[in-house]
Each structure stands twice: as structure tokens, then as C-alpha cells.
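Residues per chain are reported as follows:
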2 protein chains.
Amino acid sequence: MEEADLADLIASYIVRPDPVDPHLSREVEGIDQTGARITTRVVTEKALTLYLNAQEIVTMMTIGDHPAYLGIGYLLNQMMLRPDDELIGVDFDEELDVVIVRTKRRTDYEDKLKKRTLTSGCAQGTTFGDLMEAIEDVALPKAELRTSWLYRLTHAINLTPSLYLEAGAIHGCVLCAADRPLVYMEDVGRHNAVDKIAGWMFVNKVDPADKIFYTTGRLTSEMVIKTVRMGIPVLVSRSGFTASGVDLARKTGLTLIGRARGKRFVALSGEDRIVFDQDLAYVAEESKRGHRKGATIDE
Amino acid sequence: MEEADLADLIASYIVRPDPVDPHLSREVEGIDQTGARITTRVVTEKALTLYLNAQEIVTMMTIGDHPAYLGIGYLLNQMMLRPDDELIGVDFDEELDVVIVRTKRRTDYEDKLKKRTLTSGCAQGTTFGDLMEAIEDVALPKAELRTSWLYRLTHAINLTPSLYLEAGAIHGCVLCAADRPLVYMEDVGRHNAVDKIAGWMFVNKVDPADKIFYTTGRLTSEMVIKTVRMGIPVLVSRSGFTASGVDLARKTGLTLIGRARGKRFVALSGEDRIVFDQDLAYVAEESKRGHRKGATIDE
């Protein structure tokens, strides 16, 4: 990819990380392998408490950006908000670290929260059975994923200025359309980054049918369930798979691509959506520029 | 490090991964970036339900090895088992995927479980405040970490046959003494891998004072709390830091080393335990052999 082309892709994000926001990371002092004093950046976390109307739902550890999107996305992915729910307001109290999502419909999740069972991703409030039921009726749309798009996307995402590149120890999720990355969210927990994108899509009434979802995290059952719940037909990761993630993707017809680095990737479900239009001779191996500052290889 | 030396270190583990155990991963078919059919391995997960005496505590997603150590370690790290508790039995029902830890002391955590608050690592049953209080009185022992040990350990761990190298998408934790890795546990969740080591240490009455704890995962507050709870004075990771992990490590005097890859590392707490006895000219950059099969760089 040409430099100008890359700059253009990076400039065209609707939402992207703000790696210099002083609320999201801070400088700390330490020593390196030679014993020399150094300063480095580390991401910060804070506790954000979410209310749905008058009901306290959960306290989440988050880097703290986009609290409204995070709260809305969390409620959607936990099936406490319905896709047709009307929001009458979202209040964020920065001092108390509280976000309150208010709906027109009256909600009451007290009973539901009593019998909470943890999934592997700790989606408390929702049983695994509930989530499975919710995605059983989903029919993911026909769509295509051209390999030329995939390589442009991963290259641009890896080189987008981010907290990951500045401080590491963070996950990123990116909503894409064809070869353009649109919305790039980061958080200490992968589930928060996904939820922020779900919230953004809900508020902006975004059609999921032609979208591609990219994550730095592993392709677990939780990640597959959330992507299917959002109605997005293609999920791509630079990380690997778990068996239950693969099983669920096959059951729901999700295109599941993992270990996407440089030239390489592996598809373990929904391969029929992939169009092999890229000449691999013109794809570079992963650039060192996409590695965290000071890291020999990425984390 | 000489090959014979490396083989000796790998042979001397007390517990190490069994990457060919068919219960822990399985082969799946898919396609690669050229469209060619391939088979690859992915890790499996199952739901394991833990009881403490007659009380159901939690259902965990795990790869399923070492259920007794996982159960015991979980209860210890949640402060539901006390260090001086006497176990009268641990039953594992493979068909029901249930593990029951039985203690001489009568326990009752029903009240406690009602007011559970989630930490970022979802340590349900224990509030963050409880955990903080529990580590406030801990005085970590004097100890040393020689950089020559650190490089031998990370080199040996990276090249130890593991599910990580076979299938990826998994975390590993290793209990070490001086330059020897002793117990290497893996799981889909980093917290499970730690808990298995805590359980193994409890059952085998292992002194933590001269140990070093290595993890592939990020250095979060949860990971710091667990290491301090175990009484181990040094925590090392190939991944990065969160600010709250650094703060807690400094408060408790834990030696915290991150981004340990090849020659490089960064220490952000407890630097006084580090003895710089290694000539860096003789340390290699990280070997490609330590990368997952088929990956260009590790995940």
C-alpha cells in the first residue's frame, strides 16, 4: 500500500483512538534491562457503574472513554436493551463514574440479575443458554470478503495511532466496511471494546449487513456470540481460535478468520464469503511499525 | 543456552503441558490464505462447576486439565479457603464436569455470594475491597532475581512444548525457582492458569518466598493481587502493564517485570530485588522456535 493511500485510510475513520488523551494512559518511571532509568506509558483503568433506568446493573473496569456507547452496547449484548428500544437519555456523571441509560420502555432486571451464571467472558446477568437462544434465529446476510480488502484493513489498522502502539496491554476492535476501517475502539477488556462498537452502531442506526468486524483478541464463543448478535457476517482476528468459538461460528454461518498477520490467515467457518482477489506476491509481511514502541514483537 | 542445557531444563519440570492430550485440543479443517484446505489444532473449553462442600460456587470455562488444583486454587484466591484449612477430599466427576472440594471446617458462602461485585477479572464472590484488605498485611520476603535466571527462564519457557505452541489462543503461567521452571499450567483464561498453580502450591505445601511467577498475560491489578496473595515476591510477564497493576505492585513491594522478550524487559516496581549479573552481549533475541506453529509472530 502506498503511504498516501494509508494516510487516506487512517484519516477517514469516523471514530479512532486518541492515544495522547491524558485520561487514558499515564507515564511511569522504571528501569530497563540495562538498569537504566526509563519512563514509559501504561494504560489506566477505572470503575464505571452502569444503571438501566433506576436499576444498577454492573460495575465495569474500563479505560473510560465513550462511557455512553459502552453502557448502551453492554445492555444490548446482554439483551437488556432490545434493538427497537427507544432511548430517552444517557447521563454520564464524570465525578461519580456512573452512566445511566434511560429507556421509554419500563425495564426491570432485578429477577434476572439474581440468577446470574457466568460465561467464560463473565457476561453476568445473561445465561449462556439465553445467549444461545438469542442467536439461534439470526440469519446472517450474504456478503463478501475480498482478500484485497482484508489485507488493506489489517495493514491500516496495525499502523493506526493507538493506545496499543503507545502503551500496549490493551485490546482493540474495529468496525469496517469493505476496505475501510470506520470505528476503532480500545479497552483493557476485549468485551468492553466490542460493547462500545455495539453502542455506537445502535446510536447511529448502522446497518450491520455489509460490515466486517476486526478484533485483536481471541476468537472465543463470547466473541462469536456478540458478533452474531450485532448481525455482522464476518469476524477477523490476528489471534487464534477456541474450539467452541469455531463450533458456534459454523452453527450460525459466521465467516470466522483468525491468525491474520502479514500474508497469512486461516478461515475455519463461512469460507464461502471469501473472494480470493489478492495476488499474494504483492502482500508484505507484517511491518515492524505495527509493533508497540519498545517491543521486539507485539503483545 | 546450549541445547543440552535447554533439554535438561525442560526435562526437569514437575508439571508441564501435555500438548498432545486429545481432551485439550482438537483438529479442525479450514482454508488458508491461498484457499488451500488445511487442518489445524484449536483448544477446547468446557464448563466445570465447582462446589465447596455442599455450596455451589461457580461454573468456569476451562480446558479441563487439573480440575482439583483449579478448584482449590480458585477457592484460595477468592479467600473462601484459608491457608490453614484442612482438605478432607476433592472429588471430580468427569461425566458431570463437577469438582467438589471438601474441608474439615464448616463453610458457608451463601451470604457472601449474594453481594458479589465484579472485579475487572470477574473474581465474583469477592469484592475488590476485600481483596485489597487481604493483601494489605502481606509483607513480601526479601529475595533476588538475577537477570541470568530471567533469561534462562524465559528462553526455556518459550521453547517448552505446550498447547500455546500447538494451538495458540491460550495463556500460560509458570512457577519457577531461581533459573528452573517447575510447574507450567495453561488455560483459556489467565485467571484459571494462575489458580491451578495456587492449588498445586497449596496441596504440595510449597514455600513461595524463593519463587518467581511467570505469566504470558498482562500485568493487571488482578494478576498482582493473586501473586501477592500467594506470597510470591517476583512477577514476570512477556506482556505489558496496566496502571492499576503497577500501583498495587508498588504498594505491596512486589517486583513487577513486563515486556520480557529476548534481551529486553522493563521493571516498574520492586527494582531493588534485581541483580544485573547477565552480560547482555550473550543474550539472543527471541527465537522463532518459540512462536506458534504456522504463525509469523506469536499471538
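Residues numbered from 1 in each chain as written. Chains lettered and ligands numbered in written order. Predicted model: local features only at pLDDT ≥ 70, side-chain atom pairs only at ≥ 80, totals over all residues. Heavy atoms only, no water.

**Focus: the pairing of strand S12 (residues 255-261) of chain B**
Residue and element names in this part refer to chain B. Burial within S12 is extensive, with seven of its seven residues counted as buried. At this point the chain moves from strand S11 (residues 234-237), through helix H9 (residues 243-252), to the parallel S12, and the crossover so formed is right-handed. Of the pairings in the sheet, the one linking S12 to strand S13 (residues 264-269) comprises four bridges and is antiparallel in character. Residue pairing across strands places Leu256 opposite Ser269, the latter belonging to S13. Connecting S12 to the next strand, S13, in antiparallel fashion are two residues, including Gly262 with a positive phi near 60 degrees. (Buried < 20%, exposed > 50% of the residue type's maximum accessible area, 1.4 Å probe, protein only. Helix = DSSP H or I, 4+ residues; strand = E, 2+ residues; numbered from the N terminus. Right-handed = clockwise from strand over helix to strand, strands pointing away. Pairing = 2+ DSSP bridges.)

**Here we look at helix H8 (residues 221-230) of chain B**
Residue and element names in this part refer to chain B. Burial analysis of H8 places nine of its 10 residues in the buried class, which makes it a mostly covered element. Taken residue by residue, H8 has Ser221, Glu222, Met223, Val224, Ile225, Lys226, Thr227, Val228 and Met230 as its buried positions. In the segment just after H8, Gly231 is the residue with positive phi, at about 80 degrees.

**Quick notes on the confidence of the model for chain A**
Residues and elements named next belong to chain A. For chain A, the mean per-residue pLDDT works out to 89, and 90% of the residues sit at or above 70. For the stretch residues 115-125, pLDDT sits under 50, and the model shows 30 contacts to residues farther than four places along the chain or on other chains. Long-range and interchain partners of residues 294-299, a stretch whose pLDDT sits below 50, account for 31 contacts in this model, where long-range means more than four residues apart. Across the interface, the model reports ipTM at 0.86; the global pTM reads 0.89. (pLDDT = per-residue confidence, 0-100. Contact = heavy atoms within 4.5 Å.)

**A few points about helix H9 (residues 243-252) of chain A**
All names here are of chain A. Most of H9 sits out of view: seven of its 10 residues are buried. All buried positions along H9 are accounted for by Ala243, Ser244, Gly245, Val246, Leu248, Ala249 and Thr252. Within two residues after H9, Gly253 carries a phi angle of roughly 75 degrees, on the positive side.

**Notes on the pattern of salt bridges**
Taken as a whole, this structure holds 33 salt bridges over all chains when the rule is applied. Note that Asp179 of chain A and Arg152 of chain A form a salt bridge whose closest N and O atoms lie 2.9 Å from each other. Taken together, the positions of Asp179 of chain A in the loop between strand S8 (171-177) and strand S9 (180-187) and Arg152 of chain A in helix H5 (residues 147-159) put the pair 27 residues apart, joining distant regions of the chain. As a salt-bridge pair, Glu222 of chain B and Lys226 of chain B come within 3.9 Å of each other at their nearest N and O atoms. (Salt bridge = Lys/Arg side-chain N within 4 Å of Asp/Glu carboxyl O.)

**Things to note about the sheet that holds S13 of chain B**
Taken in spatial order, the eight strands line up as S2(A)-S1(A)-S13(B)-S12(B)-S11(B)-S10(B)-S8(B)-S9(B) in an open sheet, and their pairing is mixed. Pairing within the sheet leaves two strands with one partner each, and these edge strands are strand S2 (37-43) of chain A together with strand S9 (180-187) of chain B. Between one strand axis and the next, the sheet turns through 30 degrees on average, direction left out of account. Along the sheet, helix H7 (residues 190-203) of chain B contacts strand S8 (171-177), S9 and strand S10 (211-215) of chain B; its crossing angle with S9 of chain B, the most-contacted strand, is approximately 130 degrees. (Axes fitted to C-alpha atoms, helices over the stretch in contact; angles between N-to-C directions.)

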